[in-house]
Structure formats: C-alpha cells, structure tokens
Amino acid sequence: MTVAVVLLTTALVIVVALLAGATAGKLARMDGATYPAALTRAAATFATVITLATAVTTALAALFT
C-alpha cells in the first residue's frame, strides 16, 4: 500500500510540474519570447516545482521523525 501511495504521489507531482512548465512556456510565447527563451522558462519552472516538492517532502519527513 505504501509503495502505491509513493508512486501515485510521484506521478501527481510530475504531472503538476509538466503542466506548470507548459503554462510557463505558453505564457512566455504569448509575451513575445523566442522559442529557446520560452523553453528555458518552461524548464526552469519544471525544475522549480520538482525542487519545491523535494523541499516539502524533506520538511515533512523531519517533522514526523
């Protein structure tokens, strides 16, 4: 059961990160950015969401141990 929860949570975080990255890239293109600049913004947003999820997980693990 625990493995299933971890896998589902990981999948959810990745989906949210992909959606945030795609949204950032789309907003960058609508703002007039070039394709490489929009891709850079999308990648940075994706990495930020993954990093934030890692930080939250670490903080919660520290609280409950």
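What you are looking at is a predicted structure, and each value in this text was computed from that prediction instead of being measured. (Residues numbered from 1 in each chain as written. Predicted model: local features only at pLDDT ≥ 70, side-chain atom pairs only at ≥ 80, totals over all residues. Heavy atoms only, no water.)

> A description of the environment of Phe-46 should follow, citing residues and the corresponding values.
Locating Phe-46 in the fold gives a position in helix α2 (residues 35-63). The residues contacting Phe-46, other than those within four sequence positions of it, are Ile-14, Ala-17, Leu-18 and Gly-21. (Helix = DSSP H or I, 4+ residues; strand = E, 2+ residues; numbered from the N terminus. Contact = heavy atoms within 4.5 Å.)

> Describe the packing of aromatic side chains, listing the residues and the values that go with them.
All chains considered together, the criterion is met by zero aromatic pairs. One residue, Arg-29, lies across the ring of Tyr-35, its end atom 3.7 Å from the ring centre. (Phe/Tyr/Trp six-rings, centres within 6.5 Å; stacked < 30°, edge-to-face > 60°. Lys NZ or Arg CZ within 6 Å of the ring centre and 35° of its normal.)

> Report on the layout of surface pockets, specifying residues and quantitative values.
In this structure, the largest pocket spans a volume of roughly 180 Å³. Every residue along the wall of the largest pocket is listed here: Val-6, Thr-9, Thr-10, Val-13, Ile-14, Ile-50, Ala-53, Thr-54 and Thr-57. Taken together, the elements giving at least two residues each to the lining of the largest pocket come down to α1 (2-30) and α2. Ranked by residue count, the leading element in the lining of the largest pocket is α1, at five residues. A class-by-class count of the residues in the lining of the largest pocket yields five nonpolar, four polar and no charged. (1 Å grid on protein atoms, 1.4 Å probe; cavity = no way out; pocket = protein on both sides within 12 Å on 5 of 7 lines; lining within 4 Å. Points joined across faces, edges and corners; volume = space filled by probe spheres on them. Nonpolar A, V, L, I, M, F, W, Y, C, P; charged D, E, K, R; others polar.)

> Give me a nonpolar patch on the surface: which residues, what numbers.
A cluster of nonpolar side chains, contributed by Leu-52, Val-56, Leu-60, Leu-63 and Phe-64, occupies part of the molecular surface with about 560 Å² of accessible area. Mapped onto the fold, Leu-52 is located in helix α2. Among the residues examined, Leu-52 registers a relative accessible area of 55% and is labelled exposed. (Patch = residues over 30% accessible without salt bridge, like charges linked within 9 Å, V, L, I, M, F, W, Y side chains within 5 Å. Areas by Shrake-Rupley, 256 points an atom, 1.4 Å probe, with all protein chains shown as cover. Salt bridge = Lys/Arg side-chain N within 4 Å of Asp/Glu carboxyl O. Buried < 20%, exposed > 50% of the residue type's maximum accessible area, 1.4 Å probe, protein only.)

> Go over α1, please, and point to the residues and values.
The terminal C-alpha atoms of α1 lie 42 Å apart, and with 29 residues this matches the ideal 42 Å at 1.5 Å per residue to within 8%. Along α1, the positions that sit buried rather than exposed are Ala-17, Gly-21, Ala-24, Gly-25 and Ala-28. Looking at the buried side of α1, the elements it contacts are α2. Directly beyond the C-terminal end of α1, a positive phi value near 100° is found at Gly-32. (Expected span 1.5 Å × (residues − 1).)

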